[in-house]
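# Descriptive analysis of the structure
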Amino acid sequence: MKPYCDQATLELIAKLLKSNYVDISNISNVIERNRMGTPQGSLISPVLANIYLHELDVFVENELLPKWNTGDERKYVAGYQNRKALTKEQINLLDQTGIEGVHEVVRAYKHSMWVNDGLGARDQSDPDFKRLHYIRYADDFLLGYTGSREEAEQIKTAITEFVINNLQLNVNKAKSGIYHSSDKNILFLGFLLRYLPPKHTLDKSKALEGIKQSKRVAINQAQLRIPVQLILQRLVDKGYASKRKNGTYRASSVRKLASFEDKLIVNRFSSVIRGLMNYYKPSNQYSDL
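What follows is about the pairing of strand β4 (residues 191-196). Where strand β3 (residues 186-188) lies against β4, 3 bridges are found, and the strand directions are antiparallel. Note on β4: the bridge partner recorded for Leu-187 is Leu-192. As consecutive antiparallel partners, β3 and β4 are separated by 2 residues, and within that stretch Leu-189 has a phi angle of approximately 55 degrees, a positive value. As paired strands, β4 and strand β7 (residues 221-225) are joined by 5 bridges and run antiparallel to one another.

What follows covers the confidence of the model for the protein. Residues at a pLDDT of 70 or more form 87% of the protein, whose mean pLDDT is 82. Taken together, the stretch residues 23-27 has pLDDT below 50 and engages in 4 contacts with residues farther than four places along the chain or on a different chain.

This paragraph deals with the nonpolar core. In terms of nonpolar packing, the biggest core is built from 14 residues, with Leu-56, Val-60, Leu-64, Trp-68, Leu-132, Tyr-145 and Ile-155 touching the most fellow members. Elements with a minimum of two residues in this core: α3 (54-68) and α6 (149-165). The contact partners of Tyr-145, leaving out residues within four places of it in the chain, are Trp-68, Lys-130, Arg-131, Leu-132, Glu-151, Ala-152 and Ile-155.

Here we take up the packing of α3 against α6. Remark: α3 packs on α6, axes separated minimally by 11 Å, with the N-to-C direction vectors making an angle of 155 degrees. On the basis of their axis angle, the class for α3 and α6 is roughly antiparallel. Where α3 crosses over α6, the handedness of that crossing is right-handed. Along its contact with α3, which presents Glu-55, Leu-56, Phe-59, Val-60, Leu-64 and Trp-68, the element α6 presents Glu-151, Gln-154, Ile-155, Ala-158, Ile-159, Phe-162 and Val-163. For the contact of α3 with α6, the per-class residue count stands at 10 nonpolar, 1 polar and 2 charged.

This part is about the packing of helix α4 (residues 88-97) against helix α5 (residues 102-116). Contact geometry of α4 with α5 gives a least axis separation of 9 Å together with a crossing angle of 130 degrees. In terms of orientation, α4 lies oblique with respect to α5. For the pair α4 and α5, the contacting residues are Gln-90, Ile-91, Leu-94, Asp-95 and Thr-97 in the first and Val-102, His-103, Val-106 and Lys-110 in the second. Considering only residue class, the contact of α4 with α5 consists of 4 nonpolar, 3 polar and 2 charged.

Taken together, Arg-234, Lys-238, Lys-256 and Arg-268 make up a surface patch of like positive charges. Relative to the helices and strands, Arg-268 resides in helix α9 (residues 262-279).

Compared with an ideal rise of 1.5 Å per residue, which puts 17 residues at 24 Å, α6 spans 24 Å between its outermost C-alpha atoms and is within 8% of the ideal. Among the residues of α6, Glu-151, Ala-152, Ile-155, Ile-159, Phe-162 and Val-163 are the ones counted as buried. An end-on view of α6 places all buried positions within 110 degrees of arc, on one side of the element. Considering only its buried residues, α6 is in contact with α3, β1 (131-137) and β2 (140-146).

Glancing now at the side chain of Glu-151. Structurally, the position occupied by Glu-151 is in helix α6. Looking at Glu-151, its side chain comes within polar contact range of the side chain of Tyr-145, at 2.6 Å.

Let us now look at the pairing of β2. By the bridge criterion, 7 bridges tie β1 to β2 in an arrangement that is antiparallel. In the sheet register, Arg-131 faces β2, and the bridge partner there is Thr-146.

What follows covers unusual backbone geometry. Its identity as a non-glycine residue notwithstanding, Ala-138 has a phi of 55 degrees, on the positive side. One can find Ala-138 in the loop between β1 and β2. With relative accessibility at 18%, the residue Ala-138 sits in the buried group. In this structure, Leu-189 takes a positive phi of about 55 degrees despite not being glycine. Tracing the chain through its elements places Leu-189 in the loop between β3 and β4. With a relative accessible area of 28%, Leu-189 lands in the partly exposed category.

The rules behind the values
- Residues numbered from 1 in each chain as written.
- Predicted model: local features only at pLDDT ≥ 70, side-chain atom pairs only at ≥ 80, totals over all residues.
- Heavy atoms only, no water.
- Pairing = 2+ DSSP bridges.
- Helix = DSSP H or I, 4+ residues; strand = E, 2+ residues; numbered from the N terminus.
- pLDDT = per-residue confidence, 0-100.
- Contact = heavy atoms within 4.5 Å.
- Core = buried A, V, L, I, M, F, W, Y, C linked by side-chain atoms within 4.5 Å.
- Buried < 20%, exposed > 50% of the residue type's maximum accessible area, 1.4 Å probe, protein only.
- Axes fitted to C-alpha atoms, helices over the stretch in contact; angles between N-to-C directions.
- Parallel < 35°, antiparallel > 145°, perpendicular 65-115°, else oblique.
- Left-handed = near helix turned anticlockwise from the far one by under 90°.
- Nonpolar A, V, L, I, M, F, W, Y, C, P; charged D, E, K, R; others polar.
- Patch = residues over 30% accessible without salt bridge, like charges linked within 9 Å, V, L, I, M, F, W, Y side chains within 5 Å.
- Areas by Shrake-Rupley, 256 points an atom, 1.4 Å probe, with all protein chains shown as cover.
- Salt bridge = Lys/Arg side-chain N within 4 Å of Asp/Glu carboxyl O.
- Lys, Arg positive; Asp, Glu negative; His and termini not counted.
- Charge placed at Lys NZ, Arg CZ, Asp CG, Glu CD.
- Expected span 1.5 Å × (residues − 1).
- Arc of directions from axis to C-beta.
- Polar contact = N/O pair within 3.5 Å; in protein donor to acceptor, adjacent residues only side chain to side chain.

And the structure:
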């Protein structure tokens, strides 16, 4: 199918590329006048990034996702279906007690022991079950994979080679890496990604029958957390705060704004605070700010 080019869109892109968002007339060194790329501050940068990186989306969708998404569901853990089973000898011994409901209590206890040992219903290491998810925002993208680390290395190698060889782009090695979902330093778009692990709780349905039976609940939820320390360090770098010797931070005066009127200075600080508050509104722990 021949690609369709919208003339109005092309003309708009051309105008944005020619717009002067940065005044470089006072730069004496001609070398510093970068004539390549998009103008600083232009809204056209993310638009062009989406157009250019569309090939990356197609590669992931057509090549990686079909290859690394296998299996309908995880298989059961060995012994799960018989975790509460009682042998004939055990049943006979329980019958001799003459206690009503003792069989259910023992079965609930055996099930709770299974849960307390960290065993669930499904095999989390099932080699036949794999899942790969992909998300991209402008030039930042993230892949979530359910599988072995060795397979994750293969996926990383494949996408890195495509970016370098097909798109002729460099990969930021400092930002690129493989993390486990339990890691707490996964940074994406200024947020820290946190995965909530399974938790143990009591089965309420059994509690109504007077039987205490624990169950393991898989939350399967990721949270967006605010990187407070990174934000504070960034404010220090920009001159809005200073770091004490004991590791704490304090707000500091910005001398470059000293010549402005009080109202302008307040508006400047307010805009910084307002920008941070608005950006991190989607976080799961907004009170950190």
